[in-house]
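Letter by letter, the chains look like this.
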Amino acid sequence: EAGVAQSPRYKIIEKRQSVAFWCNPISGHATLYWYQQILGQGPKLLIQFQNNGVVDDSQLPKDRFSAERLKGVDSTLKIQPAKLEDSAVYLCASSFGTGYNEQFFGPGTRLTVL
Amino acid sequence: EDQVTQSPEALRLQEGESSSLNCSYTVSGLRGLFWYRQDPGKGPEFLFTLYSAGEEKEKERLKATLTKKESFLHITAPKPEDSATYLCAVAYGNNRLAFGKGNQVVVIP
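Residues numbered from 1 in each chain as written. Chains lettered and ligands numbered in written order. Predicted model: local features only at pLDDT ≥ 70, side-chain atom pairs only at ≥ 80, totals over all residues. Heavy atoms only, no water.

Peer 1: I'm lost on the packing of aromatic side chains in this one. Help?
Peer 2: Both the distance between ring centres and the angle between the ring planes are used here to describe each pair of aromatic rings. For the structure shown, the criterion picks out 10 aromatic pairs over all chains. Pairing A:Phe65 with A:Tyr90 gives two aromatic rings, centres 6.4 Å apart and planes at 40 degrees, and the pair type is tilted. Residue A:Phe65 is found in strand S7 (residues 65–69), and its partner A:Tyr90 is found in strand S9 (residues 88–95); the two are separated by 25 residues along the sequence. A centroid spacing of 6.4 Å and a plane angle of 35 degrees characterise the contact between B:Phe34 and B:Tyr36, whose relative ring orientation is tilted. B:Phe34 gets classed as buried once you look at its relative accessible area, which sits at 2%. (Phe/Tyr/Trp six-rings, centres within 6.5 Å; stacked < 30°, edge-to-face > 60°. Helix = DSSP H or I, 4+ residues; strand = E, 2+ residues; numbered from the N terminus. Buried < 20%, exposed > 50% of the residue type's maximum accessible area, 1.4 Å probe, protein only.)

Peer 1: Honestly, the sheet that holds S7(A) in this entry has me stumped. Any pointers?
Peer 2: Pairing between the strands of a sheet comes from backbone hydrogen bonds, and it takes one of two forms, parallel or antiparallel. Residues and elements named next belong to chain A. Here we have 4 strands laid out as an open sheet, ordered S1-S3-S8-S7, and antiparallel in their pairing. Two strands bound the open sheet, and with one partner strand each, they are strand S1 (5–7) and S7. Shown here is a sheet whose adjacent strand axes are inclined to one another by a mean of 15 degrees, direction ignored. Relative to strand S8 (residues 75–79), S7 runs antiparallel, the two being bridged by 5 bridges. Directly across from Arg69, in S8, lies its bridge partner Ser75. (Pairing = 2+ DSSP bridges. Axes fitted to C-alpha atoms, helices over the stretch in contact; angles between N-to-C directions.)

Peer 1: What exactly am I supposed to notice about the nonpolar core here?
Peer 2: Looking at soluble globular proteins, one finds that nonpolar side chains tend to be buried together. In this structure, B:Leu21, B:Leu33, B:Trp35, B:Leu73, B:Tyr86 and B:Val90 are the most contacted members of the largest nonpolar core, which totals 25 residues. Those elements that place two or more of their residues in this core are strand S2 (10–14), strand S3 (19–25), strand S4 (30–38), strand S5 (45–50), strand S7 (62–66), strand S8 (70–75), strand S9 (84–92) and strand S11 (103–108) of chain B. A per-element tally of this core places S9(B) first, with 5 residues. Counting 21 residues, the second largest nonpolar core, distinct from the first, contains A:Ile26, A:Leu46, A:Ala82 and A:Tyr90. (Core = buried A, V, L, I, M, F, W, Y, C linked by side-chain atoms within 4.5 Å.)

Peer 1: How should I be thinking about the pattern of salt bridges in this particular structure?
Peer 2: Opposite charge on two side chains permits pairing when their charged atoms draw close. Applying the stated criterion to the full structure yields 7 salt bridges over all chains. The residue B:Arg96 makes a salt bridge to A:Asp56 at a minimum N-O spacing of 3.5 Å. Here the residue B:Arg96 occupies a position in strand S10 (residues 96–99), and A:Asp56 occupies one in strand S6 (residues 53–56), the pair thus bridging two chains. Under the relative-accessibility criterion, B:Arg96 is labelled partly exposed at 34%. Across the pair A:Arg64 and A:Asp86 runs a salt bridge whose closest N-O atoms are separated by 2.5 Å. With A:Arg64 in the loop between S6 and S7 and A:Asp86 in the loop between S8 and S9, the pair connects residues that are 22 residues apart, well separated along the chain. (Salt bridge = Lys/Arg side-chain N within 4 Å of Asp/Glu carboxyl O.)

Peer 1: Would you explain the sheet that holds S7(B) in this entry?
Peer 2: Residue and element names in this part refer to chain B. Strand order across the open sheet formed by 5 strands is S1-S3-S8-S7-S6, with antiparallel pairing between neighbours. The open sheet terminates on both sides in strands that have one partner only, identified here as strand S1 (4–7) and strand S6 (56–59). Each strand axis lies, on average, 15 degrees off the axis of its neighbour in the sheet, ignoring direction. Strand direction decides the pairing type here: S6 and S7, joined by 4 bridges, are antiparallel. Among the inter-strand pairings, Lys57 is bridged to a residue of S7, identified as Ala64.

Okay, structure coming up:
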């Protein structure tokens, strides 16, 4: 069974530029999550989708971050404009059921903002 | 205030030296507590889910337990390949999720 795919794996941009990350979850998984993980810390949930709908986006900085999940499958996370403090690993995960089930994580995208 | 606190932050063990990691939580309406393992440069890998106080799960040298306010991950006779960061996460309320900062474990041969 293929795992969660993410691209790109690495991205370096300058502050105030825009960047987008892509995630393809495990086939059949209804719930998709985006996390931000700063070095030395645990993952911080940015947004949770169940199928096409947003379940929780309370920690998403909506003035600069946006995310969508088209047709309940793939998802993109965008940052516009980026700030230095956005440097982190962005993890995508999916689960078969709700947030009360085990999650399967992708390898992450390491973003460096200069 | 952190909702999930893990201790110790870092732990160095000799191979074969058993120890325990702690995850305490302050959320109400716990729906599940999860343990994940994360290796450098990789995404977290699922280990266990615990749903109610008194529940225990085991996998190889790892055993997870849950009380009303905390969980322990016991590592018995660890090997160098058990070196990783162990993350605790809680699902609570209406689809809320929170992770702790992790326990970084190094097992020395």
